[in-house]
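Here's the letter readout for the chains.
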Amino acid sequence: MAFLIVVSLAVALLAPLAAFFVGGRRFWASVGTDAPAGLLERHGLEAGDTLAVQRAMARGRRAEEDRVRPAVVEWARTSLDATAEQERRHPTRKAIELGLTLLGAVAVVFAVLLAVNDGGAGAGFWLVVVLSVGLLFNLVALPRLLRRNLDRAIERNV
């Protein structure tokens, strides 16, 4: 049992740090912060319209104003293209992400085993649960959610 606790704590502490270094440089870290060069000018928008474009793109919704919609589509397509290019240039990152995802899943399994065998009342149990869920959300759910929203933004604003 002590071995499970030590391994689960090591995974819970090291895996999120590794996920931060691997995942912290992903496209969604910059989605919505800097508009592609000339985007506003090409669509006749002002700097104040950037927020409307960002919201529609990030949430996967239809922009309220017709004049903003082409900019939403262009920015979302640019973001998706940048993602595909980054994945093409860094194929080993996918393997690292898979490994980290498996580590997170193992940590969750260890947390369940600790809960069943030890009651799960200790601080180590909650640390494992919180960090493992955060790791899995960062590596699995967040990228899919953002891609889905970008795809929806394109569909709804064309």
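Preceding this paragraph is the structure being described.
Being a predicted model, the structure only gives us computed values, none of them experimental.

## Let's talk about the overall build of the protein chain
Here is step 1 of the chain: Counting its secondary structure elements, the protein chain contains 6 helices and 0 strands.
Here is step 2 of the chain: Reading the helices (α) and strands (β) of the protein chain from amino to carboxyl end gives α-α-α-α-α-α.
Here is step 3 of the chain: Relative to its full complement of 158 residues, the protein chain shows a buried share of 35%.
Here is step 4 of the chain: Counted over contacts in the protein chain with a minimum sequence separation of 6, partners at least 24 positions apart contribute 77%.
Here is step 5 of the chain: Accessible area for the protein chain stands at about 9300 Å²; split by element, carbon and sulfur atoms hold 64% of it.

## Concerning the packing of helix α3 (residues 50-59) against helix α4 (residues 69-89)
Here is step 1 of the chain: Look at α3 against α4: their axes get within 9 Å of each other, and the N-to-C directions meet at 55 degrees. One finds that α3 runs oblique with respect to α4. Seen along the crossing, α3 lies across α4 with a hand that is right-handed. Residues Thr50, Val53, Gln54, Ala56 and Met57 of α3 touch α4, and the partners they reach there are Ala71, Val72, Trp75, Ala76 and Ser79.
Here is step 2 of the chain: For the contact of α3 with α4, the per-class residue count stands at 7 nonpolar, 3 polar and no charged.

## Regarding the pattern of salt bridges
Here is step 1 of the chain: All told, the structure shown has 6 salt bridges when counted by the stated rule.
Here is step 2 of the chain: With a closest N to O distance of 2.9 Å, Glu65 and Arg67 form a salt bridge.
Here is step 3 of the chain: Relative accessible area serves as the criterion here: at 38%, Glu65 is assigned to the partly exposed category.
Here is step 4 of the chain: When its relative accessible area of 41% is taken as the criterion, Arg67 is described as partly exposed.
Here is step 5 of the chain: As a salt-bridge pair, Arg69 and Asp66 come within 1.9 Å of each other at their nearest N and O atoms.
Here is step 6 of the chain: One salt-bridge network, held together by shared partners, links Asp49, Glu65 and Arg67.

The rules behind these values
- Residues numbered from 1 in each chain as written.
- Predicted model: local features only at pLDDT ≥ 70, side-chain atom pairs only at ≥ 80, totals over all residues.
- Heavy atoms only, no water.
- Helix = DSSP H or I, 4+ residues; strand = E, 2+ residues; numbered from the N terminus.
- Buried < 20%, exposed > 50% of the residue type's maximum accessible area, 1.4 Å probe, protein only.
- Contact = heavy atoms within 4.5 Å.
- Areas by Shrake-Rupley, 256 points an atom, 1.4 Å probe, with all protein chains shown as cover.
- Axes fitted to C-alpha atoms, helices over the stretch in contact; angles between N-to-C directions.
- Parallel < 35°, antiparallel > 145°, perpendicular 65-115°, else oblique.
- Left-handed = near helix turned anticlockwise from the far one by under 90°.
- Nonpolar A, V, L, I, M, F, W, Y, C, P; charged D, E, K, R; others polar.
- Salt bridge = Lys/Arg side-chain N within 4 Å of Asp/Glu carboxyl O.

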